[in-house]
Amino acid sequence: MTRPGGTWQNWARSAHTRPARVERPRTPEGVQRAVQAAIAHNLPIKAVGAGHSFTGIAVAPGVLLELDDMQGVASVDLARSRVTFLAGTRLHRIPRLLAPYGLAMQNLGDIDRQSIAGAISTGTHGTGVEFGGLATQVVAVTLITGEGEFLTISDTENAEMLPAVALGLGALGLIVEVTVQCVPAFVMHAIDEPMPLDEVIQTLDERATASDHFEFYWFPHTEVALTKRQTRLPESAPRHPLPRFGRWVDESLLSNGVYRMVCATGKVIPAVTPPLNRLAVQLTGDREYTDRSHRVFTQSRTVRFREMEYALPIENVAAAFRAIQEKVSERRWRIEFPVEVRFAAADDRWLSTAHGRTSGYIAVHRYWRADPTEYFEAVEQICLEHGGRPHWGKLHTLHAAQLRERYPRFDDFVSLRDSLDPQRRFTNRYLERVLGE
């Protein structure tokens, strides 16, 4: 929560601002009134969700709208398995909200702290070559335009705008409701298994397509890939969840508690990072379990970090990963956080990192107290050389001129922005950099 006159900062502590005014609307009409008041006072206005973007995409130097009070289900179309959520609804609340209807979201990322509006607007995604990011599940959006008016965009109303508005960077209006195409509730069979890194990279394309959802992590200074394979099963399939104590040991004690100390120690004494990474791999045992989809998709992560992620054409992922691996060795960096590799289906969202191409994602991280600049800049250059597009909510250095070359519908998006927010009520420095003024 941000108090008037106080400072807002994101989760990663990589962006902050001191807004001129803070408001907490409880209804879509309350958001509309806030926008109209901002227009009357000639102030820019932005909404923030959970603050889980690493970039300054949500920074609001004028009026900051906190949507914590706008959570929950607004309506349900059970015949079509469509559910409309208020924009501030946190992803981790959605499974319980959908349970009474026997529904689930088709795919999720591995973190569920974000708001639904923030997640779709920044291109949040999970993994699986047959599944798109969260924005591809959106079939309708209601927003407040730069003129202070309600506008509904759906697959039947203003449908030509949906591929832009479903992943709109917060630049096209303030989202107040999001309608998601859900699926029948399901469970997943998961196998977490350490494997030789070289073997995984050599067979990466095959592994990505062999499972419904595949990803792996690599701790620098090791030769092991921590693979995750998941298979979708009907809700009626028997469930064999992880024992509660075992899950607590893996996720709370080791992955968060002990790992936080490892990161802090590595920041002070970099030389201990390689042996600690090797120890982390050894402590990550094989796991096989079957549980409700959201309990398999998501993990609890409390160690604060900063992240950069690039989407590449799937055929370029292995080469880019090898180049990153070589760069870490060549520069003799001591990197405490793992590199994460995931996949997504091609989609039609104009500013989706997977627009028009099946994609693989390479994400790199640093402990939040460590300077990521040198590492991130080198990885970014490698990803750009392999056709990469940066995740909108994660750190990168690209500007509008560079991004225009990587998105076929970039100019169409800017034109729609000119129509919906001609006075740039919803802009900030980040959007000026990536979209132009």
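Located above this text is the structure these notes cover.
Model, not experiment: these values are computed from the prediction. (Residues numbered from 1 in each chain as written. Predicted model: local features only at pLDDT ≥ 70, side-chain atom pairs only at ≥ 80, totals over all residues. Heavy atoms only, no water.)

Draft legend 1. Looking closely at the overall build of the protein chain. A count of helices and strands for the protein chain gives 14 helices and 20 strands. Expected size for 437 residues packed as a compact globule is a radius of gyration near 22 Å; at 21 Å, the protein chain falls within 12% of this value. Viewed in the frame of its principal axes, the protein chain has a C-alpha envelope of about 60 × 50 × 40 Å. A burial count over the protein chain gives 59% of its 437 residues as buried. Partitioning the contacts of the protein chain with sequence separation of at least 6, the portion at a separation of at least 24 is 73%. Charge separation in the protein chain, taken as the distance between the mean sites of 50 positive and 51 negative side-chain charges, equals 7 Å. (Helix = DSSP H or I, 4+ residues; strand = E, 2+ residues; numbered from the N terminus. Rg over C-alpha atoms; globule rule 2.2 N^0.38 Å. Buried < 20%, exposed > 50% of the residue type's maximum accessible area, 1.4 Å probe, protein only. Contact = heavy atoms within 4.5 Å. Lys, Arg positive; Asp, Glu negative; His and termini not counted. Charge placed at Lys NZ, Arg CZ, Asp CG, Glu CD.)

Draft legend 2. Broad picture of the sheet that holds strand 4 (residues 45-48). Read across the open sheet, the three strands follow the order 3-5-4; overall the sheet is parallel. Edge positions in the sheet fall to strand 3 (21-23) and strand 4, since each has one partner strand and no second. On average, each strand axis in the sheet is inclined to that of its neighbour by 25°, with strand direction left out of account. Note that strand 4 and strand 5 (residues 63-66) share four bridges and pair parallel. (Pairing = 2+ DSSP bridges. Axes fitted to C-alpha atoms, helices over the stretch in contact; angles between N-to-C directions.)

Draft legend 3. Looking closely at the sheet that holds strand 6 (residues 73-77). Reading across from one edge, 6-7-11-9-10 is the order of the five strands in this open sheet, with antiparallel pairing throughout. If you trace the sheet from one side to the other, it starts and ends with strand 6 and strand 10 (150-154), each paired once. On average, each strand axis in the sheet is inclined to that of its neighbour by 15°, with strand direction left out of account. Note: strand 9 (residues 138-144) against strand 11 (residues 174-181), six bridges, orientation antiparallel. In the sheet register, V141 faces strand 11, and the bridge partner there is V178. Along the sheet, helix 1 (residues 28-40) makes contact with strand 7 (82-86), strand 9, strand 10 and strand 11, crossing strand 11 at roughly 145°.

Draft legend 4. Main features of the pattern of salt bridges. A full pass over the atoms with the stated rule returns 27 salt bridges. For the salt bridge of R295 with D291, the shortest nitrogen-to-oxygen distance reads 3.0 Å. Classification of R295 as partly exposed rests on a relative accessible area of 36%. Residue R404 is joined to D411 by a salt bridge in which the shortest nitrogen-to-oxygen separation is 2.6 Å. (Salt bridge = Lys/Arg side-chain N within 4 Å of Asp/Glu carboxyl O.)

Draft legend 5. Region of the structure containing a nonpolar patch on the surface. On the surface, a cluster of nonpolar side chains totalling about 300 Å² of accessible area is made up of V73, V76, L78 and Y101. Tracing the chain through its elements places L78 in the loop between strand 6 and strand 7. (Patch = residues over 30% accessible without salt bridge, like charges linked within 9 Å, V, L, I, M, F, W, Y side chains within 5 Å. Areas by Shrake-Rupley, 256 points an atom, 1.4 Å probe, with all protein chains shown as cover.)

Draft legend 6. Quick peek at the pairing of strand 19 (residues 359-367). The buried fraction of strand 19 amounts to nine of the nine residues, a majority that puts the element mostly inside the structure. As paired elements, strand 17 (residues 305-313) and strand 19 share nine bridges and run antiparallel to each other. The partner of A311 across the bridge, within strand 19, is Y361. As defined by bridge partners, strand 18 (residues 339-344) adjoins strand 19 across five bridges and the pair is classed as antiparallel. Directly across from V341, in strand 19, lies its bridge partner I362.

Draft legend 7. Representation of the packing of aromatic side chains in the model. Under the counting rule described, the total for this entry stands at eleven aromatic pairs. Between the aromatic rings of F186 and F297, the centroid separation amounts to 6.3 Å while the plane-to-plane angle is 75°, which identifies the pairing as edge-to-face. Of this pair, F186 sits in strand 13 (residues 186-196) while F297 sits in helix 9 (residues 293-297); the two residues are 111 residues apart in sequence, bridging distant segments of the chain. Taking relative accessible area as the criterion, F297 reaches 6% and is therefore assigned buried. An aromatic cluster is built from W11, F54, F305 and F337, whose rings are joined through pairwise contacts. Over the aromatic face of W368 sits the side chain of R304, whose NZ or CZ is 5.8 Å from the ring centroid. Its end group placed over the ring of Y407, R389 keeps NZ or CZ at 5.0 Å from the ring centre. (Phe/Tyr/Trp six-rings, centres within 6.5 Å; stacked < 30°, edge-to-face > 60°. Lys NZ or Arg CZ within 6 Å of the ring centre and 35° of its normal.)

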